Amino acid sequence: MLQQSTIKSFQSQVVSWQKQHGRHQLPWQQPSDPYRVLVSELMLQQTQVSTVIPYFTRWMQSFPTVQALAAASTDQVMAHWQGLGYYARARNLHKAAGYICALGEFPATLAQWLQVPGVGRYTAGAIMSFAYDAYGPIVDGNVRRLYARFFAISGVTSSAAVDKQLWALAEQLTPTEHCKSFAQGLLDLGATICKPRNPLCEQCPLALNCQALLQNRVDELPTAKPKKIVPVKEGHFLWIEQAGQIFLQKRPTPGIWAALWSLPQVVADDTLLLEAKKQGEFVHQFTHYRLNATVWQLEPAHLPRYAQVQEQQPGDWYHKSKLAEVGLPAPIRSFIEQQPDFSPQSDREGAKPDID
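Reading the values: rules and limits
- Residues numbered from 1 in each chain as written.
- Predicted model: local features only at pLDDT ≥ 70, side-chain atom pairs only at ≥ 80, totals over all residues.
- Heavy atoms only, no water.
- Axes fitted to C-alpha atoms, helices over the stretch in contact; angles between N-to-C directions.
- Helix = DSSP H or I, 4+ residues; strand = E, 2+ residues; numbered from the N terminus.
- Parallel < 35°, antiparallel > 145°, perpendicular 65-115°, else oblique.
- Contact = heavy atoms within 4.5 Å.
- Nonpolar A, V, L, I, M, F, W, Y, C, P; charged D, E, K, R; others polar.
- Salt bridge = Lys/Arg side-chain N within 4 Å of Asp/Glu carboxyl O.
- Expected span 1.5 Å × (residues − 1).
- Buried < 20%, exposed > 50% of the residue type's maximum accessible area, 1.4 Å probe, protein only.
- Arc of directions from axis to C-beta.
- Phe/Tyr/Trp six-rings, centres within 6.5 Å; stacked < 30°, edge-to-face > 60°.
- Lys NZ or Arg CZ within 6 Å of the ring centre and 35° of its normal.

Attention now goes to the packing of helix H1 (residues 4–21) against helix H11 (residues 179–192). At a minimum axis separation of 8 Å, H1 and H11 run at an interaxial angle of 75°. As far as their axial angle goes, H11 and H1 are roughly perpendicular. Mapping the contact onto sequence places Phe-10, Gln-11, Val-14, Val-15, Trp-17, Gln-18 and Lys-19 in H1 and Ser-181, Phe-182, Gln-184, Gly-185, Leu-186, Asp-188, Leu-189 and Thr-192 in H11. Along the lines of polarity and charge, the residues of the contact of H1 with H11 split into 7 nonpolar, 6 polar and 2 charged.

So, on to the pattern of salt bridges. A side chain with one charge may pair with a side chain of the opposite charge, provided their charged atoms come close. Under the counting rule described, the total for this entry stands at 8 salt bridges. Across the pair Asp-75 and Lys-250 runs a salt bridge whose closest N-O atoms are separated by 2.9 Å. A residue pair is termed long-range when its members are at least 10 positions apart, and Asp-75 in helix H5 (residues 74–81) and Lys-250 in strand S3 (residues 245–250) qualify at 175 residues. A salt bridge links Glu-325 to Lys-322, with the shortest nitrogen-to-oxygen separation between them at 3.9 Å.

On to H11, then. When the terminal C-alpha atoms of H11 are compared, their 20 Å separation across 14 residues agrees well with the 20 Å that a helix rising 1.5 Å per residue should span. Burial of H11 is extensive: 11 of the 14 residues sit out of reach of the surface. Within H11, the full set of buried residues consists of Cys-179, Ser-181, Phe-182, Ala-183, Gln-184, Gly-185, Leu-186, Leu-187, Asp-188, Leu-189 and Gly-190. Packed against the buried residues of H11 are H1, helix H8 (121–132), helix H9 (141–150) and helix H10 (160–173).

Before going further, it helps to examine H10. Since the α-helix turns once every 3.6 residues, residues separated by three or four places project in the same direction. Here H10 is 14 residues long and its end C-alpha atoms lie 20 Å apart, about the 20 Å a rise of 1.5 Å per residue gives. Among the residues making up H10, those that are buried are Val-162, Leu-166, Trp-167, Leu-169, Ala-170 and Leu-173. One face of H10 carries all of its buried residues, which in axial projection span an arc of 160°. What points out from H10, more than 90 degrees from its buried face, is the exposed set Ala-160, Ala-161 and Lys-164. Tucked into the core, H10 has its buried residues touching H1, H8, H9 and H11.

Another point: the packing of aromatic side chains. Counted under the stated rule, the structure contains 17 aromatic pairs. With a centroid separation of 4.9 Å and an interplanar angle of 80°, the aromatic rings of Phe-150 and Phe-151 are classed as edge-to-face. Pairing Phe-282 with Phe-335 gives two aromatic rings, centres 5.9 Å apart and planes at 50°, and the pair type is tilted. With a gap of 53 residues between them, Phe-282 in strand S6 (residues 277–285) and Phe-335 in helix H14 (residues 330–337) connect regions that are remote in the sequence. For Phe-282, a relative accessible area of 11% corresponds to the buried category. The exposure class of Phe-335 is buried, given its relative accessible area of 4%. Put simply, the rings of Phe-237, Trp-239, Trp-257, Phe-282, Phe-286, Tyr-289 and Phe-335 touch in pairs and so form one group of aromatic residues. Residue placement shows Lys-233 over the ring face of Tyr-289; its charged tip is 4.3 Å from the ring centre.

Listed below in structure tokens is the structure:
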């Protein structure tokens, strides 16, 4: 257990620094109601603030309330998320909206928020802190790094033992007042001062008591994850085009790119490929493997035979001018847009690798 003097000092330093130097003009802070915080927190998972801002702005224009999101179709939701990656977040956010609408009100306690689909321990704490200015411990990548350095904690921060230790510290250090400023201060310090590389220790309000700095271990903490060999998988997709339209198929759920529209995918030994010629190739990096993809051009006349051997996933023809209206995986969209005479315009900015 930490001493009360340590806790109080840590809290006051973080809160004071945030009020003077922290971020106060992020779009989800104006205002910071439960719905806006929920959307922003799911978007911000493993995604940089600068990438999220335009997506958040467009999202709130289309789905300004939790009721509007709950009433939206899956295709509408995925179209607004395309390019952000980690698409399970979009599906979870859609489910959460439905759950909240069925409940009839927003949850009011940490325990209640943990019952919402897609809301985990961090997100629940963030909503309590930012939307209600109430007690809500948070531990994300920035906070893990900050705590690992401040307390000189060795070990990979995502390991079960260290994760448990970090959450125990968070529960002790999180105040019951000035909660919003404290939580935002932790995130801002991690993002702008206690950075992964070249941290600005001379500007940190916690420097005098930072054990990593005192022990000259800033560069070695937090402990790096051991590198893994990333496997490579082959993928085969079909390019079927007629009259300025491309045939797309909805991806099954669950699975990679679930509920998104994509070029149809076939296995390497599919006999349809004997009738096809190579259209092009692309490479895409997922979290756990690299996809080396080949796209094969197939005549529309072969489409009925393809439909006979595939699972009955919905498929349809899309004109190039309509592709911005449906959710496409970023590498699929990029490949389509690179094809001569088939370059649909997309307004999606700040694309992030599609990782599900």
